[in-house]
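# Survey of secondary and tertiary structure
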Amino acid sequence: MLRKISHINNFAVFNNFSWNNSVRDEGNNIAELKKMNIFYGRNYSGKTTLSRIIRSLELYKVHDKYPNSEYSFEFTTGELISHDTLINNSRNVRVYNRDFVQDNLKWLFNSDGDIKSFAILGERNIDIENKIVELKDIIGDNQKGLVCNYNLKNLEYNNKKREFQSTSENLESKLREKANRQIKTNHLYQKVTYNINSIEEDIKTILNNPIRDIPQEEQAKLVNLLSEKSKDFLLDKVTFSDKTLLLQTQANNLLSYEVKPDETIQDLINNSLLQEWVRSGINLHKGVRDTCAFCGGVIPHNLWEQLDSHFNKESEKLRGLINDLISDIDTVINTLPTSLPINQEQIYSLLHTDYFDVLSRFSKEIVLYDNFLMSMKNSLQERLKEIFTPMPSIIIEESYDLEAIYNSLESIRQAHNTKIRNLKSDQDAARNILRLTEVSKFIIDINYIKEKEKIASLVNEYKTLEQEKNKIQEQINSFNTDIQNLLDQQRDESYGAEKINLFLKNHFGHNSLNLRPFNNTETHGVNFKIYRGDTLADNLSEGECSLVSFCYFMAKLGDVDSANKDLIIWIDDPISSLDNNHIFFIYSLIEDVLTRPIKNQGQRNSYKYHQIFISTHNLDFLKYIKRLSKPKDDANKESCGYFLLDRGETISTLKVMPKYLKKYITEFNYLFGQIYKCAYGNIEDNNHDSYYNFGNNLRKFLEAYLYYKYPNNKPNDEKLYLFFDNNQLAVDIANRVNNELSHLEEIFDRSMLPVDVPAFKKLAIFVLDTIQRKDPEQYQALVDSM
C-alpha cells in the first residue's frame, strides 16, 4: 500500500511539501496512510492536485500542465517511486477526478465529444485467455521477463548517465575554479569578465593551435612588459664611422716609404739617436752660432752643406706627413666614446637583454679599437726616429666592429620607438600569451584531453543503453497492444452501460436517464450515449452530470482492466451541486460497491479494494463517509486515516485531521462527549476544558436535547421540570450552573474563583443518568458516537 507522498514541489498549490515535516499526530509522530483514508479540505485547498499526483501512477506520466513538478511516493514495501520513475509502478491505480471525467466523458462538456465505452468480460474464450497469459509472461514483472530486463537496463542506463554527469560536473568544476579563482582574479590578465565559457574558448584555441613552451626568462620579460609605462621617443639616429681602416692604410704607406739621403753621413745612419740629436742641433746652431754650444769648437763652413745633403727635402716631407697622421690619430683617440649614446633607463625592459649584449661588446671592442690606434701611433713615432729605415706594415691582431655594434644599438632604438607606438597592443599580446601559457599548462595538469575523451565515451555508452531500454519498452508496449486487442475480442460494452444504468436507477432513482452503447463509424469503435427516456439527453444539469460521471467511474471499476485486481482507488470530491438526498446516495453507492467488507466464514473479512482514498469539501458528505465500514489491519485494529488539507495564502499543506473534525459527527455529539468526560473522567486527567466549559456545554446540550424531546412552545424551565421528573431542586441546580458559568457579566467575581469540580461531576452524572433512564437507546447511541 501507499505509505506516504514523501515530497511535492512545483505542483500547483504544493511547493516544498515534506510529509515527514507536516503530517504528524499529537505526539509529533509521523502519521502514515492507512487502508482507508479520508481527506477534508475547502475548495482550492489542493484536493484535485493530490488526485492528479496519484493519477500519474495510473497513467505512468507526469501531468501535462506541470512538466517540471517533482514528487515521490513511498510504499509499505519500502519501494520508492518518483516523478521520473513512474514507469516502474506495478500497482493498479484508479482515480476519479475532473481529469478522469474530461478524458472519458467529453460529451458532457462538448456535444461534439464522446463517452468512452468500457466492457465487462463476456463468455470465456480459453484460447484468447491462454494467449493473454502467454504474452503477460513474456512482459513479466520486476522479477522476470521484459519488465525485469527493462528495469535492469534502466538501472544500468541511470548509473552510466550519473557517471557521465559526475565526470562532466567534476571537469566543469575544475574549469570554473581555474577561470573564476585564478585567471579572473589575476591582475596581470585584466579579465574581470573571464568565466567558464572564456576558458573553454581558450582551450579550443590552444587545441587548434598548440603553443610552444615559453621559458621562465621569456615569461619574466612578458610580465615586466605589462608593468611598463610609456617612455620618450629616442629621436637621434645612432651611427659610428670607423676610421681605422683609412688610418691603417695611410700609416702602412708612410711606414713602408723609403727615403735616401743625397750624401749620407754613415755615422748618423748607424746611430738613430745621434742622427736625431744632430738634426735637433741644426735648428739651434745654423745661422745662430759659429761655435758648438756643446763643446765650444768652431763649426766648419762645409758642415751645413754636408748636413743638408744628409737631411734632404724628401725625408723632411715624410717626417711632416707622419706627424700629420699622428695628429689625426690623436684626434680620433681623443674623440673615442667612453659609453653608448643610449642608456638602459631610456628603453623598454623587453629590449634590455639585447641592450646588455651590445653594451658588453662595446666595452670590449672600444678597448681593442683604442689599442689599435695607439699601436699605429707608436709605429709612426718609431719611423720618425729612423726616418731613412722602412718599417713593416701594421696588422689588426684582434678583430672588432664598432660600426656593427652601433648598428645593433640603432636597431634597439628603432624597436624602442616602435614599442612606444604599439605598447598597448604588445601588452595585450603579452597578456594573451601568458594566459594561454597558463591555460595550456592547466589542461595538461588535469588531463583535459583524456577527461573529454572519457566524457564522450560515457555519452556514447549511456545513449546506447537508452536506445536499448527504449527498444525493450517498445516491445512491452507492442505486447500490451496485442493483449489489449485480445481483450477487445472478449469485451461486452452493453453490460458496462447496464451497470451504470443499474447504479443510476437503484441508488439515485433515475429511471429516465440511461446510457446506451453505439458503434462509432468515425473511430470504428464503440461509445456510449446518454438518453432521457428514448430521447438523446443534451440538457443535463450539473448535478446530473456529476451523478452520471460518478456512476460511470464506479461501474468502470468492474471492467476488464480492473476486475479481480487489487485496486488503489482515489475518489476526489464526488459532491458538487448535489442535494442532500444525492449526497446520501453517493455515500450508499460507495459503501455498497466498495467499502462494505466481504464476510468470510471462519476467516477475516476481505475487501473489494486494496487501498482507498476519499476527499471532500462538503461537511455533510464528510459526516457520511466517516460512517463507511472501516477496514481492520493485521492486529484487528481500525485502519482508517483522517487528513486535512490546509490552504495558506499561496500554498497548501497536508495535516492530520484535528479531533474536533474527526471524532464528532455533529456539535450535539461533541457537547454530549464533553459532559460525559466531566462525569466519568478522572479529575487528575487533562480534562480541564470539560470542567471550565461545563456550564456553557450543559446549557447548549440541554437546549438542543429538550427541544427535540419536548417540541412545544413551553419555557425551558418547564421542560427541565418535566425532564427531571418534577424535581425542582435539580432544576434549580441546573439553572444555577447554566446561568453562573455561561454568563459572567453580572457576577464577575465568580470568574475569580476556581470551579467546583466535584459539584459538576455530580450534576453531570445526574443528567446522564436521567437520559439513560428515560431514553436508553438514544443514550447508548450517543455513547457509541464517541
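Reading the values: rules and limits
Numbering of residues begins from 1 in every chain and follows the order in which that chain's sequence is written. At least 70 in pLDDT is required for a residue's local features to be given in this predicted model, at least 80 for side-chain atom pairs to be given and counted, and no such filter applies to totals for whole chains, interfaces and linings, which use all residues. Side-chain measures here rest on the full set of heavy atoms in the structure, leaving out hydrogens and waters. By the criteria applied, helices consist of DSSP H or I runs no shorter than four residues and strands consist of E runs no shorter than two, each listed in order from the N terminus. Only protein chains enter the accessibility calculation, which uses a 1.4 Å probe; a residue is then buried when its area is under 20% of its type maximum, exposed when over 50%, and partly exposed in between. Note on contacts: a residue pair is in contact if any heavy atoms of the two residues lie within 4.5 Å. Calculation of accessible area relied on Shrake-Rupley with a 1.4 Å probe; when residues are assessed, cover is drawn exclusively from the protein chains displayed. Here, any two strands with at least 2 DSSP bridges between them count as paired. Working definition of a nonpolar core: buried Ala, Val, Leu, Ile, Met, Phe, Trp, Tyr and Cys residues. They are joined through side-chain atoms within 4.5 Å. Pairs of N or O atoms are called polar contacts if they sit within 3.5 Å, as long as, within protein, a hydrogen donor faces a hydrogen acceptor (for residues adjacent in sequence, only side-chain-to-side-chain pairs). Basic side-chain nitrogens of Lys or Arg form a salt bridge, by our definition, when they fall within 4 Å of a carboxyl oxygen of Asp or Glu. Centre distance within 6.5 Å is the pairing criterion for rings of Phe, Tyr and Trp, where only the six-membered ring of Trp is used; planes under 30 degrees apart are then read as stacked, over 60 as edge-to-face, and the remainder as tilted. Criterion for a charge above a ring: Arg CZ or Lys NZ at most 6 Å from the ring centre, at most 35 degrees from the ring normal. What a helix should span is 1.5 Å times the count of its residues minus one. Here the arc refers to the set of directions running from the helix axis out to each C-beta atom. Between N-to-C directions, angles cover 0 to 180 degrees, with each direction set by a line fitted to C-alpha atoms, over the stretch in contact for helices. Here is the rule for angles: anything less than 35 degrees is roughly parallel, anything more than 145 is roughly antiparallel, 65 through 115 is roughly perpendicular, and the remaining ranges are oblique. pLDDT measures the predictor's confidence residue by residue and takes values from 0 up to 100.

## Quick look at the overall build of the protein
Looking only at helices and strands, the protein features 27 helices and 16 strands. Here the protein holds 786 residues, and the buried ones make up 43% of them. A fraction of 72% describes how many contacts in the protein between residues 6 or more apart in sequence connect residues 24 or more apart. Entry remark: accessible area of the protein is about 43900 Å², with carbon and sulfur atoms responsible for 47%.

## Quick notes on the pairing of strand β15 (residues 640-647)
For β15, a buried count of six out of eight residues is recorded, marking the element as mostly surrounded by other parts of the structure. Examined bridge by bridge, strand β3 (residues 36-41) and β15 share six bridges and lie parallel to one another. Considered in β15, the bridge of tyrosine 40 is made with leucine 644. Across five bridges, the pairing between β15 and strand β16 (residues 652-656) is antiparallel. Bridge assignment links aspartate 646 to a residue of β16, and that residue is threonine 653. Counting the residues between successive antiparallel strands, the hairpin from β15 to β16 contains four residues.

## Observations concerning the nonpolar core
Formed by 56 residues in total, the largest nonpolar core has its most connected members in Ile500, Ile530, Met554, Ile569, Ile571 and Phe621. Top contributing element to this core by residue count: helix α17 (residues 542-556), with nine residues. Contacts of isoleucine 571, omitting those with residues within four sequence positions, involve Tyr96, Phe550, Phe553, Ile590, Leu594, Phe613, Ile614 and Ser615. Grouped together as the second largest cluster of nonpolar side chains are 41 residues, Leu254, Leu325, Ile394 and Ile405 included.

## Quick look at the environment of glutamine 346
Structurally, glutamine 346 can be placed in the loop between α12 (313-334) and α13 (352-385). Residues glutamine 346 and lysine 231, spaced 115 residues apart in sequence, show a C-alpha to C-alpha distance of 7.3 Å. When neighbours within four sequence positions are excluded, glutamine 346 is seen to be in contact with Lys231, Leu234, Pro341 and His416. In this structure the side chain of glutamine 346 is engaged in a polar contact, spanning 2.9 Å, whose partner is the backbone nitrogen of asparagine 343.

## So, unusual backbone geometry
The residue asparagine 10 is not glycine, and still its phi comes out positive at about 60°. As for its position among the elements, asparagine 10 is in the loop between β1 (2-9) and β2 (17-18). By relative accessible area, which is 43% here, asparagine 10 ends up partly exposed.

## Some remarks on the environment of aspartate 242
Mapped onto the secondary structure, aspartate 242 falls in the loop between α7 (216-226) and α8 (244-256). Once the C-alpha coordinates of aspartate 242 and aspartate 401 are considered, the two residues, 159 residues apart in sequence, prove to be 8.2 Å apart. When residues no more than four places from it in sequence are discounted, the contact partners of aspartate 242 are Tyr369, Tyr400 and Glu403. At a separation of 2.7 Å, a polar atom in the side chain of aspartate 242 contacts the side chain of threonine 244. One polar contact links aspartate 242 to tyrosine 369, side chain to side chain, over a distance of 3.1 Å.

## What to know about the pattern of salt bridges
Applying the stated criterion across every chain yields a total of 34 salt bridges. In this structure, aspartate 99 engages arginine 52 in a salt bridge whose closest nitrogen and oxygen atoms are separated by 2.7 Å. Of the two residues, aspartate 99 is situated in helix α3 (residues 98-104) and arginine 52 in helix α2 (residues 47-59); the sequence distance between them amounts to 47 residues. The pair aspartate 99 / arginine 52 is uniform in exposure class, with both members buried. Across the pair aspartate 559 and lysine 556 runs a salt bridge whose closest N-O atoms are separated by 3.2 Å. You can call lysine 556 partly exposed: its relative accessible area is 22%.

## Here we look at the packing of aromatic side chains
Under the counting rule described, the total for this entry stands at 37 aromatic pairs. Consider the rings of phenylalanine 694 and phenylalanine 760, whose centres lie 5.3 Å apart with planes at 25°: the pair is stacked. Taken together, the residues span a long stretch of sequence, with phenylalanine 694 in helix α23 (residues 694-709) and phenylalanine 760 in helix α26 (residues 757-774) at a distance of 66 residues. The residues phenylalanine 694 and phenylalanine 760 share a single accessibility class, namely buried. Taken together, Phe672, Tyr676, Tyr680, Phe701, Tyr705, Phe723, Phe724, Phe766 and Tyr779 form an aromatic cluster joined through their ring pairs. If you follow lysine 469 out to its NZ or CZ, it ends over the ring of tyrosine 157, 4.9 Å from the centre.

## Some words on α23
Between its first and last C-alpha atoms α23 spans 21 Å; for 16 residues at 1.5 Å apiece the expected length is 22 Å, and the two agree. Residues Phe694, Gly695, Asn697, Leu698, Phe701, Leu702, Tyr705 and Leu706 constitute the buried set of α23. What you see down the axis of α23 is that its buried residues fit within an arc of 155°, all on one side.

## Comments concerning the sheet that holds β3
Sheet architecture is open: six strands sit in the order β6-β13-β14-β3-β15-β16, paired in mixed fashion. The open sheet has two edge strands with one neighbour each: β6 (92-96) and β16. Taking the axes of each pair of neighbouring strands and ignoring which way they run, one obtains an average angle of 15° across the sheet. As defined by bridge partners, strand β13 (residues 567-572) adjoins strand β14 (residues 611-616) across five bridges and the pair is classed as parallel. Along β14, the bridge assignment pairs isoleucine 571 with isoleucine 614. Where α17 meets the sheet, its contacts fall on β6 and β13, and the angle it forms with β6 comes to roughly 170°.

## What to know about the sheet that holds strand β4 (residues 70-75)
Overall, antiparallel pairing links the four strands, which are arranged β2-β1-β4-β5 in an open sheet. The open sheet has two edge strands with one neighbour each: β2 and β5 (80-82). Across six bridges, β1 lies against β4 in antiparallel orientation. Among the inter-strand pairings, isoleucine 8 is bridged to a residue of β4, identified as tyrosine 71. Against the sheet, α2 engages β1, β4 and β5, with an angle of about 70° to β4.

## Topic: the packing of helix α6 (residues 196-208) against helix α14 (residues 402-445)
Two elements in contact, α6 and α14, have axes separated by 10 Å at closest approach and are oriented at 85°. As judged from the angle between their axes, α6 and α14 are roughly perpendicular. Between α6 and α14, the contacting residues are Ile199, Asp202, Ile203, Ile206 and Leu207 on the first element and Arg435, Leu436, Val439, Ser440, Phe442 and Ile443 on the second.

## What to know about the confidence of the model for the protein
The predicted coordinates of low-pLDDT regions are not to be read in fine detail. For the protein, per-residue confidence averages 84 on the pLDDT scale, and residues scoring 70 or more make up 88% of the total. The model gives residues 742-755 a pLDDT under 50, and that stretch makes 17 contacts with residues more than four places away or in other chains.

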